[in-house]
Amino acid sequence: MYNPRSLRAEEFISDEEVRETLEYAEKNKDNTELIDRILEKAKQRKGLDHREASVLLACSDKKKNREIIELACQIKKDFYGNRIVMFAPLYLSNYCVNGCVYCPYHLKNKHIRRKKLSMDEIRGEVTALQDMGHKRLAIESGEDPEMNPIEYILESIRTIYSVKHKNGAIRRVNVNIAATTVENYRKLADAGIGTYILFQETYNRESYEKLHPTGPKHNYAYHTEAMDRAMEGGIDDVGLGVLFGLELYRYEFAALLMHAEHLEAVHGVGPHTISVPRIKKADDIDPAVFDNGISDDIFEKIVACIRIAVPYTGMIISTRETAECRERILRCGISQISGGSKTSVGGYCEPEPEDEKSEQFDVSDTRTLDEVVNWLMKMDCIPSFCTACYREGRTGDRFMELCKNQQIQNCCHPNALLTLKEYLEDYASEDTKITGEKLIEKELLNITSEKVRETTRNRLSEISRGGRDFRF
Ligand code: SF4
Ligand code: SF4
């Protein structure tokens with residue numbers, strides 16, 4: 001029985017409800033009257049439910065599809081402006097006891113190099129990341145209670161926050177580790193993490209169990225109910241995601257939105273972020289084996305429909321995607337991207353030797369952070385290294401309220417300029433610096449409040465004189 005308020009996975013992600021939604025969407029995919037009504041509702045910027053959004057996703061009318069993409073671009077602009085938040089992943093350990101068939105870290109892979117960073121190695125990696133200009137990390141680790149216990153993760157977080165190299169600092173650590181207990185989530189919350197991110201991989205229980213044949217991750221309910229435990233443990237911001245390509249995308253899309261509705265219904269706060277990874281080639285993984293791969297056109301439409309359905313949620317895209325694909329979907333929904341990423345355990349200090357690779361997947365966008373920053377600015381986006389919200393206590397419902405009222409931009413926009421200025425002063429190449437200074441001057445004029453504009457101008461001058469870490 002479908003019940004978004006239930007704490008049981010089988011009830012808030014009811015398979016029956018997903019299937020009925022897909023039938024409803026298929027039946028109405030050419031119903032322009034209904035599609036127009038849904039689009040009218042979407043224009044109010046309050047989001048859509050999973051059934052309405054699924055009809056938009058299924059819609060096959062070319063003209064309407066263009067309208068959908070345009071509306072998503074407009075909503076993205078209204079909520080997030082033109083800033084794009086930057087982050088980098090840091091893999092701590094690839095020891096893993098699970099058997100996920102799409103990931104090269106699965107237990108049976110005996111030839112991949114297994115590695116776990118020591119605290120000294122973490123200090124080295126974080127120094128290298130700071131020297132690139134990063135301020136926000138997402139830490140990743142396989143699930144292995146002996147090799148990577150929660151104490152190791154907590155110690156790693158403390159180490160990351162403690163490194164201060166030159167003007168560098170990691171100001172926000174997001175955490176992507178396996179589903180765990182309320183007690184462990186409480187420890188993570190106490191350690192001052194940003195967002196807890198856990199990809200569902202697939203919401204289809206039958207597929208999930210086949211794709212996770214062994215290990216603790218096999219337990220669908222425990223995995224799917226993890227965000228409720230995280231919130232019970234005091235983590236305000238959680239990030240959802242599915243791995244597109246494993247199951248039918250329409251199924252994943254509807255279920256993902258049902259998960260967002262569930263978090264909103266139970267905790268009063270929807271997901272802080274939604275990630276949209278697609279399955280990629282990796283060590284012993286061939287994406288062609290999974291027959292639900294999606295084209296770039298469909299991928300763009302998924303991003304646009306998520307943007308319309310949950311306007312308040314940040315959307316993340318990683319370097320799994322090519323520069324071309326990233327450019328395309330930035331406009332219609334994405335608010336955060338990684339840059340200069342390594343998907344190996346370590347690798348920021350020194351590249352791994354060819355015959356000792358420990359990567360989780362192949363990176364498609366291999367540009368440096370400086371190149372990505374430069375590219376974003378040439379597209380009139382503001383690369384932002386902002387981490388202000390969580391440090392100002394704007395998390396959970398406090399953040400959502402600002403975001404839903406489209407007021408968060410009043411902080412995002414000046415903060416983007418201040419943190420970009422820090423980047424230009426400390427890390428940018430000559431060309432990036434020239435482009436960035438021009439962009440900042442231009443964007444200052446777009447700050448509508450005179451007071452905020454003046455304060456931003458003053459703080460920018462202070463940054464030129466060596467001041468750091470200003471925020472709204
Ligand atoms: S996806 Fe995560 S849990 Fe599964 S094998 Fe890879 S690292 Fe382990
Ligand atoms: S102000 Fe908050 S929402 Fe905006 S970029 Fe900074 S941390 Fe993110």
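Everything here concerns the structure above.
Residues numbered from 1 in each chain as written. Chains lettered and ligands numbered in written order. Predicted model: local features only at pLDDT ≥ 70, side-chain atom pairs only at ≥ 80, totals over all residues.

**Q** Any chance you could explain the pairing of strand β7 (residues 314-317) here in plain terms?
**A** Looking down a regular strand, the side chains alternate between one sheet face and the other. Alternating residues of β7 divide into Gly314 and Ile316 and Met315 and Ile317, and every residue in both groups is buried. Two elements, strand β6 (residues 273-275) and β7, share 3 bridges in a ladder whose sense is parallel. Counterpart to serine 275 in the pairing with β7 is isoleucine 316. With helix α13 (residues 296-309) bridging β6 and the parallel β7, this β-α-β connection has right-handed handedness. Pairing between β7 and strand β8 (residues 336-338): 2 bridges, direction parallel. Across the sheet, isoleucine 316 pairs through a bridge with glutamine 336, a residue of β8. Between the parallel pair β7 and β8, the chain is carried across by helix α14 (residues 323-331), and the sense of this crossover is right-handed. (Buried ≥ 20, exposed ≤ 12 C-beta atoms within 10 Å, placed from the backbone. Helix = DSSP H or I, 4+ residues; strand = E, 2+ residues; numbered from the N terminus. Pairing = 2+ DSSP bridges. Right-handed = clockwise from strand over helix to strand, strands pointing away.)

**Q** Would you take a moment to explain the packing of helix α15 (residues 369-378) against helix α19 (residues 430-444) for this structure?
**A** Angle between the axes and distance between the axes are the two parameters that describe a pair of packed helices. In contact at an axis separation of 10 Å, α15 and α19 are set at 35° when each is read in the N-to-C sense. Note on packing geometry: the crossing formed by α15 with α19 is left-handed. Only Asp431, Thr432, Thr435, Gly436 and Leu439 of α19 make contact with α15, whose side of the interface consists of Asp370, Val373, Asn374, Met377 and Lys378. Of the residues in the contact of α15 with α19, the class split is 3 nonpolar, 4 polar and 3 charged. (Axes fitted to C-alpha atoms, helices over the stretch in contact; angles between N-to-C directions. Left-handed = near helix turned anticlockwise from the far one by under 90°. Contact = placed C-beta atoms within 7 Å. Nonpolar A, V, L, I, M, F, W, Y, C, P; charged D, E, K, R; others polar.)

**Q** Quick question: what am I supposed to make of the site of ligand 1 here?
**A** Surveying the vicinity of ligand 1 reveals the residues Cys96, Asn98, Cys100, Cys103, Tyr105, His106, Gly142, Glu143, Ala178 and Lys217. When grouped by side-chain class, the residues that make up the shell around ligand 1 number 5 nonpolar, 3 polar and 2 charged. (Near = placed C-beta within 6 Å.)

**Q** Can you walk me through helix α2 (residues 15-27) in this structure?
**A** For an α-helix the count is 3.6 residues per turn, leaving residues at separations of three or four pointing the same way. Between its first and last C-alpha, α2 extends 18 Å over 13 residues, near the 18 Å set by a 1.5 Å rise per residue. For α2, the complete set of buried residues consists of Glu17, Val18, Thr21 and Ala25. Looking straight down α2, one finds its buried side chains confined to an arc of 100°; they lie on one side. Residues of α2 that are exposed and angled more than 90 degrees away from the buried face: Glu16, Arg19, Glu23 and Lys27. Structurally, α2 contributes buried residues whose contacts are with α4 (50-58) and α12 (249-267). (Expected span 1.5 Å × (residues − 1). Arc of directions from axis to C-beta.)

**Q** Sorry, what's going on with the site of ligand 2 here?
**A** Lining the immediate environment of ligand 2, one finds Val85, Ser384, Cys386, Thr387, Ala388, Cys389, Ile408, Cys411, Cys412 and Asn415. Those elements that place two or more of their residues in the shell around ligand 2 are α16 (388-391) and α18 (409-426). At 3 residues, the largest contribution of residues to the shell around ligand 2 is made by α18. Residues belonging to the shell around ligand 2 are distributed by class as follows: 7 nonpolar, 3 polar and no charged.

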